[in-house]
Amino acid sequence: MCIFCKIIAKEIPSNMVAENESFYAFHDINPKAPVHVLIIPKAHYDSFNDVPGEVMGKMSTFMQEVAKAVGIDESGYRIISNIGEDGAQEVKHLHFHLLGGAHLRWGHFADADSKDFF
Ligand code: 5GP
Ligand code: ZN
């Protein structure tokens, strides 16, 4: 079982923000912004590559609710999903990072590994 499946199963504790029958939101253990919430489906998908559109539609609604619940829907926020090796995905269970509570700078790519097409 992957680490996020264990969090859903309550085998690993987490700081919950919101939950419904299909999705779970909890605070990131290593926050990169004043608000840093992880949003995951309870069903395991390795990454965004594998999630069906119908699930993504419902997940979008849940993410909007979470942004409102943590009070950043009006001030603004960023949603990120890291996918695969070049996306620097560490946990292989689809998740979206919800980041806010500060004016976020854009362009955290300076440390990207160069590739032939750069
Ligand atoms: P990724 O790099 O895969 O997009 O992001 C994984 C995220 O999961 C990281 O931001 C990391 O801090 C977070 N994370 C990893 N393990 C745990 C955990 O056990 N609990 C919580 N709350 N967050 C975790
Ligand atoms: Zn999983």
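Note that the coordinates shown come from a computational prediction; the quantities given were computed from them, not determined experimentally.

## Some thoughts on the coordination of the zinc ion (ligand 2)
Okay, step 1: Around the zinc ion (ligand 2), the protein contributes the donor atoms Cys-2 (SG), Cys-5 (SG), His-44 (ND1) and His-93 (ND1), which lie 2.1 to 2.3 Å from the metal centre.
Okay, step 2: Between the 4 donor atoms coordinating the zinc ion (ligand 2), the angles at the centre fall across 100 to 120°, so the site counts as tetrahedral.
Okay, step 3: The sequence pattern formed by the donor residues of the zinc ion (ligand 2) is C-x2-C-x38-H-x48-H.

## Overview of the pattern of salt bridges
Okay, step 1: Summed over all chains, the structure comprises 1 salt bridge.
Okay, step 2: Note that Glu-19 is salt-bridged to Lys-42, the shortest N-O span being 2.9 Å. Of the two residues, Glu-19 sits in strand S1 (residues 16-19) while Lys-42 sits in the loop between strand S3 (35-41) and helix H2 (53-69), which places them 23 residues apart along the sequence.

## Some points on the sheet that holds S1
Okay, step 1: A sheet is described by the order of its strands in space; here 5 strands give the open sequence S1-S2-S3-S5-S4, paired in antiparallel fashion. Each end of this open sheet is capped by a strand with a single partner; those strands are S1 and strand S4 (77-80). Neighbour to neighbour, the strand axes of the sheet diverge by 20° on average, direction disregarded.
Okay, step 2: For S4 and strand S5 (residues 96-100), the ladder comprises 4 bridges, and the chain directions are antiparallel. The residue bridging Tyr-77 from the neighbouring strand is Gly-100, located in S5.

## Focus on the pairing of S5
Okay, step 1: Within S5, 5 of the 5 residues are buried, which leaves the element mostly enclosed by the surrounding structure.
Okay, step 2: When S3 meets S5, the two strands line up antiparallel, connected through 5 bridges. Within S5, the position partnered with Ile-39 by the bridge is Phe-96.

## A few points about the side chain of Asp-28
Okay, step 1: Take Asp-28: it is sitting in the loop between strand S2 (23-27) and S3.
Okay, step 2: Here the side chain of Asp-28 touches Asn-30 through a polar contact of 2.8 Å, landing on its backbone nitrogen.

The rules behind the values
- Residues numbered from 1 in each chain as written.
- Chains lettered and ligands numbered in written order.
- Predicted model: local features only at pLDDT ≥ 70, side-chain atom pairs only at ≥ 80, totals over all residues.
- Heavy atoms only, no water.
- Donors = N, O, S within 2.8 Å, 3.2 Å for Na, K, Ca; no water.
- Tetrahedral: all angles 85-135°; square planar, octahedral: opposite > 155°, others 65-115°.
- Salt bridge = Lys/Arg side-chain N within 4 Å of Asp/Glu carboxyl O.
- Helix = DSSP H or I, 4+ residues; strand = E, 2+ residues; numbered from the N terminus.
- Pairing = 2+ DSSP bridges.
- Axes fitted to C-alpha atoms, helices over the stretch in contact; angles between N-to-C directions.
- Buried < 20%, exposed > 50% of the residue type's maximum accessible area, 1.4 Å probe, protein only.
- Polar contact = N/O pair within 3.5 Å; in protein donor to acceptor, adjacent residues only side chain to side chain.

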